[in-house]
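This is what each chain is made of:
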Amino acid sequence: MHRILPFIALVAVLASLAVAQDQRPPRPMLDYQTRTPWLPETPGVTSGAMGGFLNPAAWTTLDRLRPELAIWFDDQDEREGWLDNWGLATSGWLGFGMNSQTFVREDGSTFRVTDWQTGVSGGDRTGRLGLGYRWSTDDDELAGREQALVLGGLLRPGSRLSLGLAHTLSVESTAHQTTADLGLRPLGSDRLTLFADYTLDDGRKLDEGYWGAGLTVQPVHGLHLGATVRDDPWSDDLVWLVNVGLTVTDLGLHVLPQLADEDAYERTSVAIRFNPPGRNLVDRVTAPWEAPPRRYAPLDLENRYLTYQKYQLFDQKRVAWLDLAAYLDAIEADGSLSGVVVDLRDFVARPSLAWELRGRLSRLQERGLEVVVLVNRVDMIRYYLASVADRIVIDPEGDLVLQGVASGRTYFADMLEKMGLGYQELRYFRYKSAAETGSRMTMSEGQREQSQRVVDVIYEEVREVVGRDRQLTDDEFDGLVDDAVGLVPRQALERGLVDAIGRRHDVVDWLRRERGGAVIAGPDPRRRPGAYPETRWGEPPRIAVVYAVGGCAMDSGIEGRATSRHLGRLASDPDVAAVVLRADSPGGDPLPSDLVAEGLRRCREAGKPVIVSQGDVAASGGYWISMNGDEILTTPLTLTGSIGVIAAWVHDDNGGEKLGLNYDGVQRGAHADLLRQIRVPGLGVAVPHRALDEQELDLVHDYIMEAYDGFVERVAEGRDLDEDKVREVAQGRVWMGGDAIERGLCDDFGGLTGAIELARARAGIAADEEAVITEYPPRPLIDLRGLLGGGLPAWPFGLPLAPLARLTGAGGDEAAPAWATFDGASPASGPAPSLDYARWFLDTVSEDMGRPRVVLPPENLPHGWALPE
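The sections below set out a description of the structure shown in this document. (Residues numbered from 1 in each chain as written. Predicted model: local features only at pLDDT ≥ 70, side-chain atom pairs only at ≥ 80, totals over all residues. Heavy atoms only, no water.)

**Comments concerning the pattern of salt bridges**
Turning to step 1, where the next piece is worked out: Considering all chains together, one arrives at 44 salt bridges under this definition.
Turning to step 2, where the next piece is worked out: With a closest N to O distance of 3.2 Å, R690 and D673 form a salt bridge. Of the two residues, R690 sits in the loop between β34 (685-688) and α17 (694-719) while D673 sits in the loop between α16 (655-659) and β33 (677-680), which places them 17 residues apart along the sequence.
Turning to step 3, where the next piece is worked out: Judged by relative accessible area, R690 falls into the buried class, the value being 17%. (Salt bridge = Lys/Arg side-chain N within 4 Å of Asp/Glu carboxyl O. Helix = DSSP H or I, 4+ residues; strand = E, 2+ residues; numbered from the N terminus. Buried < 20%, exposed > 50% of the residue type's maximum accessible area, 1.4 Å probe, protein only.)

Structure follows, in structure tokens:
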């Protein structure tokens, strides 16, 4: 409603002006009915530069950075050898136009009048307002021209209706003219457009205006066929205009013959539009005279970190996945490309995004494009990605390390005992092992079972795709991992793991020499999806992408409080057609988890399709926030499930005595001292002064079991599963993506872009129909600490966080090579912004000790995984 209010206000103003009729004959103004034969339709329907000259609100209807330039003229020859009638206009928030006309006096002499106009326009695709200033030059006094203000409004409440209103008001007298126009699209697209207009000069009654009506059809995109009939103000005749238009790439041409009522030919107008609205009859065929060389699109990911979001300004380190996906769409849409050169030197990616990027590169190959990859220091995840290429080129000083996959971490029960700290693991499920590291020194059987499955699935996924694309048997791949481990470039080339040794200039030379003089050049901007201004009326449907990334907490990580509120707004927003949730969380607090899950449920109840896309980890609380999607897409590398609840209690057990400390106090209530702590003065270190007693242990047990039952019930409801079936796959068990699909916890493999495509389909949005993707949280503007050279990594949503040291320290298994540098902590690339997950995990389980937590333990993650940005 708020978008329509400015239009209503404009109508009210014009109505008030219309009643103040000037009783003297009107002073001549630019006559819309007879002096605009170059306009294919009405101002509001034609839009852009041409429509904006008559209704300034139409100047910004193209919604593109490139303004339109329109030029028009006709063949009416009042003065022999002269171009008597012509004009031009540009579009944009600041518009400009001029129209020059030649008039004939009764004695046969001629005079010329040139009308000029400039002004501003603004609004959104539902409603716009514009204000222009018009003046005249040449023989304007002979024509009685006056300086005027032009106030315009354009309302497009949906894809089928356009309402335009323009009022030209003289600043030298009370003369004015009002033009209203109407556009209808019965099919909801520009295939068929019906239009009409009505013009009223001052001094005339409402029923004494002049009308026009017509239609335009596009049997194919870019071919415009139309006709218009107008009431001639100077006679009782009708004037007919025919419109034959053609749009090819960045050029539109309209030829408009004009006939009188007696079928007498009057004139032919020609309109040329540069950067016109709408699609093109020809936009994917290279003109024969261009004959460009073969082109390979560059994909420069050198020393970049592929993640979800980035700062809007001065962020050269991160690459946002949806930005990269849009570029890949442009490559895919450009039929003139021969291939793509991907620079993966020192590249860091989340495993789930590396899997999705690999799939997109494979899709380019299916469309006939050759993929060339440049690498230097290669580990398992980088080689998993690079192996999709038709040609892999490794740096002469690089290396290839296939070290395998490991999962594990340090156990510290003995350390706690030596420190004088007691530890009570409040665990009641075989696989929910998040708190076991403080209660024992070796991995439990349940944890060993599920961890081995995680390692096996990741290893076998890498072995399968690498073996398929590099023609390696399973035994050959196993031999590389177990015997070779690390290879220098020469050895990698001899074993067929790479195709050449070289650097970027060597790739350029190879393309020129072996691929017919091919060059590295980006996709043609004219061929990318959405490159041409759309003519869809009204706001296009929106697909909201919501990132729930990090630990499940109220005001950090997934930001349960703010995210749930935003989901509530999406549920009630009629412009939002579908919601996609990207879940990448190891869990944490049940409360923010349930708030987000409830927000998704409200979106579903509002009739909006909800698709959940799981990232690297969507387990425990991360699965909680996933379970209410209409469909859940996961990846082969995703850790999910872990439906269970855990808690732990750390307390003083002679540690205070060793330090010469003792807690003493008074209380009323049997459990009043439960949370009272023994503190080390000046150090800020404190722990509860006693263990949980038997009664308290029973209470915690009941609390955890009730939370677990609630978790299971919610999963059964959200996934439409039998509760007993959920309990069979619960018990805190971590499942890999494929295992989760088999057990009904997820629906299919797919990445974030796949989830968006599925959301489009579920919302009934055609594949070629425009849709707007919005992100939440919105991308922050700038990383001030990074810009100023600060040493602290910054959370991408704005709040800088100090680095957190690992509790277990360096060395041991924590220092083992990672199968994938998830957090970017490789010597080649330097650390990418992240948090130490092990420390965060301990903080989470100890923050409110005894309170149930839905969290994945660090040992379930392959080495190197860190809290995602």
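**Examining the nonpolar core**
Turning to step 1, where the next piece is worked out: Ranked by internal contacts, the top residues of the largest apolar core, which has 78 residues, are W321 and L357.
Turning to step 2, where the next piece is worked out: If you tally residues by element for this core, the top one is helix α9 (residues 445-470), at eight residues.
Turning to step 3, where the next piece is worked out: Leaving out residues up to four positions away in the same chain, L357 has contacts with L301, L306, W321, L324, L328, F347 and L385.
Turning to step 4, where the next piece is worked out: One finds I643, V700, A730 and C746 within the second-largest nonpolar core, a separate group that totals 48 residues. (Core = buried A, V, L, I, M, F, W, Y, C linked by side-chain atoms within 4.5 Å. Contact = heavy atoms within 4.5 Å.)

**Brief notes about a negative patch on the surface**
Turning to step 1, where the next piece is worked out: There is a patch of like negative charges on the surface, built from D75, D77, E78 and E80.
Turning to step 2, where the next piece is worked out: Inspection of the secondary structure assignment puts E78 in the loop between β1 (69-74) and β2 (86-90).
Turning to step 3, where the next piece is worked out: Residue E78 is classed as partly exposed on the basis of its relative accessible area, which comes to 32%. (Patch = residues over 30% accessible without salt bridge, like charges linked within 9 Å, V, L, I, M, F, W, Y side chains within 5 Å. Areas by Shrake-Rupley, 256 points an atom, 1.4 Å probe, with all protein chains shown as cover. Lys, Arg positive; Asp, Glu negative; His and termini not counted. Charge placed at Lys NZ, Arg CZ, Asp CG, Glu CD.)

**Some details on empty space enclosed by the protein**
Turning to step 1, where the next piece is worked out: Here the structure, examined in full by the defined rule, presents nine cavities of 30 Å³ or more.
Turning to step 2, where the next piece is worked out: Here the largest cavity defines a volume of roughly 340 Å³.
Turning to step 3, where the next piece is worked out: Considering the residues around the largest cavity, the lining is formed by 29 residues, among which V45, T46, R185, P277 and T535 are closest to the centre.
Turning to step 4, where the next piece is worked out: Residues of the lining of the largest cavity, tallied by class, amount to six nonpolar, 12 polar and 11 charged.
Turning to step 5, where the next piece is worked out: Here the second largest cavity is characterised by a volume of approximately 100 Å³.
Turning to step 6, where the next piece is worked out: For the lining of the second largest cavity, the elements supplying multiple residues, two or more each, are β7 (161-170) and β8 (176-184). (1 Å grid on protein atoms, 1.4 Å probe; cavity = no way out; pocket = protein on both sides within 12 Å on 5 of 7 lines; lining within 4 Å. Points joined across faces, edges and corners; volume = space filled by probe spheres on them. Nonpolar A, V, L, I, M, F, W, Y, C, P; charged D, E, K, R; others polar.)

**A look at the environment of Q76**
Turning to step 1, where the next piece is worked out: Along the chain, the position of Q76 falls in the loop between β1 and β2.
Turning to step 2, where the next piece is worked out: If sequence neighbours within four positions are ignored, Q76 has contacts with D84, N85, E266 and R267.
Turning to step 3, where the next piece is worked out: Polar contacts involving the side chain of Q76 include one to the side chain of R267, which spans 3.3 Å. (Polar contact = N/O pair within 3.5 Å; in protein donor to acceptor, adjacent residues only side chain to side chain.)

**Comments concerning helix α20 (residues 752-762)**
Turning to step 1, where the next piece is worked out: Every buried residue of α20 is accounted for by L752, T753, A755, I756, A759 and R760. Summarising the axial view, the buried residues of α20 lie within an arc of 155°, below the 170-degree limit, and thus occupy one face.
Turning to step 2, where the next piece is worked out: Directly beyond the C-terminal end of α20, a positive phi value near 80° is found at G764. (Arc of directions from axis to C-beta.)

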